Amino acid sequence: MGRKILLVTTDQQRYDTIGANGGTLGRTPVIDALAAEGYRYERAIPQSVVCMPSRSTILTGQHPSTHGVWMNGVPLPRDAPSVAALLRDAGYRTALIGKAHFEPFIDPFMRFVENALAQKGTVPSGGAHRGFEHLELASHGAAGPLHYARWLRENHPEFASMFYSALDGDLQVNAAGGGDTGAPQVHFNAVPRDCYHTDWVADRTIAWLSSLDASDDWFAWMSFPDPHHPWDPPQTELGRIDWRDVPLPAGYPQSAPEREAILDAKPRHWRMWYDGTLVSNFEAPTGWVPATLTAEQVREVNARNAVECELIDEAIGRVMGAIETRGWGDQVDVIFTTDHGEFQGDFGLLFKGPYHVDSLMRLPLVWRPAPVSCNAPGVVSSPVGLVDLAPTIASIAGLAKPEWMQGRVLPSPDATPGLDDGSDLATHSPREEVLTEWDSELYGVSVYLRTVSTSQWVCTAYLPGTLYDGSEGELYNLADDPLQQVNLWDDPLRRSQRDDLLSLLWERQPQRRSPRLDLEAPV
Amino acid sequence: MRASVRRQIRLPLPAKRVWELVGDPSRLPEWFDGIVSATVEGSSRTIVTGGGIAMPEQIVTNDSLQRRFQYRITSPLMREHLSTIDVIDLDDSTSLVSYSADADPASMALVIAGAAGAALRNLCSVLEGNQMEPSA
């Protein structure tokens, strides 16, 4: 009998939203306890700052260039490698419950398995899809073909219309404002808490775990759609945090001239998006201009986001309780993380896009090894990537890292740094650097970024596209500038540092999939 | 906002053979994954998607000399739409097939052309007698 594995992911959650990382707005005692008992990573970095590429990296252990999902709307090939398939082949029972998003959501032709499956049940034809024998899927509301939306419409149709519509009638990201401040994607939602998708994901996970034999080895990916926008948690829960009491984030420059001066020192698409003259990708409403964002709207968005994080924490607590009840408490490794971050007011912005800064790239990550493994808890400050999750999960299951995985096993706090010789010990060694990439091509606008992050630096090179000629970039010194407000790319005093980082960036570029996959839907 | 999105593929098959399939509006479900039926009456075609959505279309061009097929979706989902399929003979027993979608709203251009791109990749195997992969 091996160790059982619970992978918990959220969607679009910032590093500073959990108490263990210093967050003070929402209470996250369950995740904080997991962190205290296990490993807490202070610099976990995604390989893409949008959902589909990042989730594909979690599943495959590959960088986006290699698995090929270069942007939302590019489906992960059906035959892509999968850590879930690896575990299933080794005898694990496997499930994915909640948000998958390896395939596009917008699918009127119902071409994709994720969308078609809910009409047929929870077991894909052939016995598994991407290695998961059981899938119960959800997205951010009550619309669409996935299991949660169907369940809500069939069992509680009175609540189905209460959610915010994430897309508008033109299938664009909805710009409509709501709540008390008119912030975009904020909405009062009268759905009862026990019918909201966060609790549904936990309920369905508990139900699946209950179906297993006590001796089964299992891998469950419990994937919450929140705290991704829309920010429409059950309104009965809004009293937890009064948005009027929420402090403005340190990354929110409070005067417009201050915001604009910071943005103007960055490559020009930052300011163009802020002014509403450019939307380079599908990740933010085209009908909303960030320059109109008010301090009150930032407070309300952050309050609602924190409420959603509290609900997630409590849902994880219920699942942990069910695991204890089954007698598995000592045998379960728990990994908690998210796919990417969110601006939430930093730089005067919301949502996400081609912006490689901590708002979107510094993620919460906790690994609580199974208590039976007797690992000493601690904190890891060296950079790690979501590309490291698949090798870690394989390692927990006692499986050797397959050649197709590009990551390393997440280091423990006492791991030997600096090994990079291909040995088994090096597989467990802390990294020097983590890579992140961005490719977007939408309606004639293309942006391509390649980023290397180290413990102290974030260096982003801009490749030639419709906005840039390839000479632009960003360079931030995290030690001096934790908010990444001062771009040192053109600072002559930092030229050698920049050149060294660029050498590292180009030297470590992953293998590119060929031929390149097509964009098949907006998201 | 409107958009124009194109997908294309080069096939190791003569244009005449490709056109025999692509130029027949009733045979669309044979090669376009996610379209379960196509009913043609005169210059009207109604397709039904795998999601159960019925889309009325107007056939604008079906020119076997140019090997060009054009249609408009006339559903209220669209303010404007024109899709164009061209099968171009490359004179070496190969052909280039392009499928472009012009639409308002813009997202629909990408949805149609995105699905069409996958359909074009299916074309070769369908023409050579292989079945499309089921979706679930």
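None of these values were measured; they are calculated from a predicted model.

(A) Quick peek at the overall build of chain B. A count of helical and extended segments in chain B gives 3 helices and 7 strands. Helices and strands in chain B line up, N terminus first, as β-α-α-β-β-β-β-β-β-α. A compact globule built from 136 residues should have a C-alpha radius of gyration of about 14 Å, and chain B, at 14 Å, falls within 12% of that. Across its three principal directions, the C-alpha atoms of chain B cover 40 × 30 × 30 Å.

(B) The arrangement of the domain arrangement of chain A in detail. Residues and elements named next belong to chain A. Considered domain by domain, chain A is made up of domain 1 (4-427) and domain 2 (434-507). For domain 1 and domain 2, the distance between their C-alpha centres works out to 25 Å. Residue-level contacts link 41 residues of domain 1 with 31 residues of domain 2. Summed over both partners, the interface of domain 1 with domain 2 buries about 2900 Å², with 60% contributed by carbon and sulfur atoms. Among the secondary structure elements, those contributing two or more residues to the side of domain 1 that touches domain 2 are β2 (39-45), α3 (64-67), α10 (269-275), α12 (358-361) and β11 (384-385). Looking at the side of domain 1 that touches domain 2 element by element, the count peaks at 3 residues for α10. Here the side of domain 1 that touches domain 2 is composed, by residue class, of 23 nonpolar, 13 polar and 5 charged.

(C) Molecular detail of the environment of B:L21. Residues and elements named next belong to chain B. Position of L21 relative to the elements: it lies in helix α1 (residues 15-22). For the pair L21 and F32, spaced 11 residues apart in the sequence, the C-alpha separation amounts to 11 Å. Sequence-distant contacts of L21, that is, excluding residues within four places in its chain, are made with R27, E30, W31, L123, V126 and L127.

(D) Representation of the pattern of salt bridges. Residue and element names in this part refer to chain A. Evaluation of the coordinates by the stated rule reveals 50 salt bridges over all chains. A salt bridge links D203 to R318, with the shortest nitrogen-to-oxygen separation between them at 2.9 Å. Separated by 115 residues along the polypeptide, D203 in helix α8 (residues 197-210) and R318 in helix α11 (residues 295-325) bring together distant segments of the chain. Put simply, D480 and R494 hold a salt bridge, and the shortest N to O gap is 4.0 Å. One end of the pair, D480, is in the loop between β15 (473-477) and α15 (495-507); the other, R494, is in the loop between β15 and α15, with 14 residues separating them in the sequence. The exposure class of D480 is exposed, given its relative accessible area of 59%. Bridged by salt links that share partners, the residues R27, R193, D199, E237, R240, E310 and E314 form one connected network.

(E) View of the sheet that holds strand β1 (residues 3-11) of chain B. Residue and element names in this part refer to chain B. Spatially, β1-β7-β6-β5-β4-β3-β2 is the arrangement adopted by the 7 strands of the open sheet, whose pairing is antiparallel. Two strands in the sheet have a free side with no partner beyond their single neighbour: β1 and β2 (35-41). Each strand axis lies, on average, 20° off the axis of its neighbour in the sheet, ignoring direction. Relative to strand β6 (residues 80-89), strand β5 (residues 68-73) runs antiparallel, the two being bridged by 4 bridges. The residue bridging Y71 from the neighbouring strand is S83, located in β6. Strands β1, β4 (54-63), β5, β6 and β7 (95-104) of the sheet are contacted by α1, whose axis makes an angle of about 150° with β6. Where helix α3 (residues 106-127) meets the sheet, it contacts β1, β5, β6 and β7, and its direction lies at approximately 5° from that of β1.

(F) Main features of the state of the cysteines. Residue and element names in this part refer to chain A. Applying the stated criterion to the full structure yields 0 disulfides over all chains. Unpaired in this structure, C309 has its nearest cysteine sulfur neighbour in C51, at a distance of 15 Å. Judged by its relative accessible area of 1%, C309 falls in the buried class.

(G) Structural context of unusual backbone geometry. Look at the link from A:D226 to A:P227: it is a cis peptide, with omega at 0°. Relative to the elements of secondary structure, A:P227 occurs in strand β7 (residues 218-227). Residues B:D104 and B:P105 are joined by a peptide bond in cis, for which omega reads 15°. In this structure, B:P105 sits in the loop between β7 and α3. The backbone of A:L171 sits at a positive phi, close to 60°, despite the residue not being glycine. If you trace the backbone, A:L171 turns up in the loop between α7 (157-160) and β5 (177-178). What makes A:L171 partly exposed here is its relative accessible area of 22%. We note that A:Q484 has phi near 55°; this positive angle belongs to a residue other than glycine.

What counts and how
Residues numbered from 1 in each chain as written. Chains lettered and ligands numbered in written order. Predicted model: local features only at pLDDT ≥ 70, side-chain atom pairs only at ≥ 80, totals over all residues. Heavy atoms only, no water. Helix = DSSP H or I, 4+ residues; strand = E, 2+ residues; numbered from the N terminus. Rg over C-alpha atoms; globule rule 2.2 N^0.38 Å. Domains from an automatic or database assignment. Contact = heavy atoms within 4.5 Å. Buried area = accessible area lost by both parts, 1.4 Å probe. Nonpolar A, V, L, I, M, F, W, Y, C, P; charged D, E, K, R; others polar. Salt bridge = Lys/Arg side-chain N within 4 Å of Asp/Glu carboxyl O. Buried < 20%, exposed > 50% of the residue type's maximum accessible area, 1.4 Å probe, protein only. Pairing = 2+ DSSP bridges. Axes fitted to C-alpha atoms, helices over the stretch in contact; angles between N-to-C directions. Disulfide = S-S within 2.5 Å.

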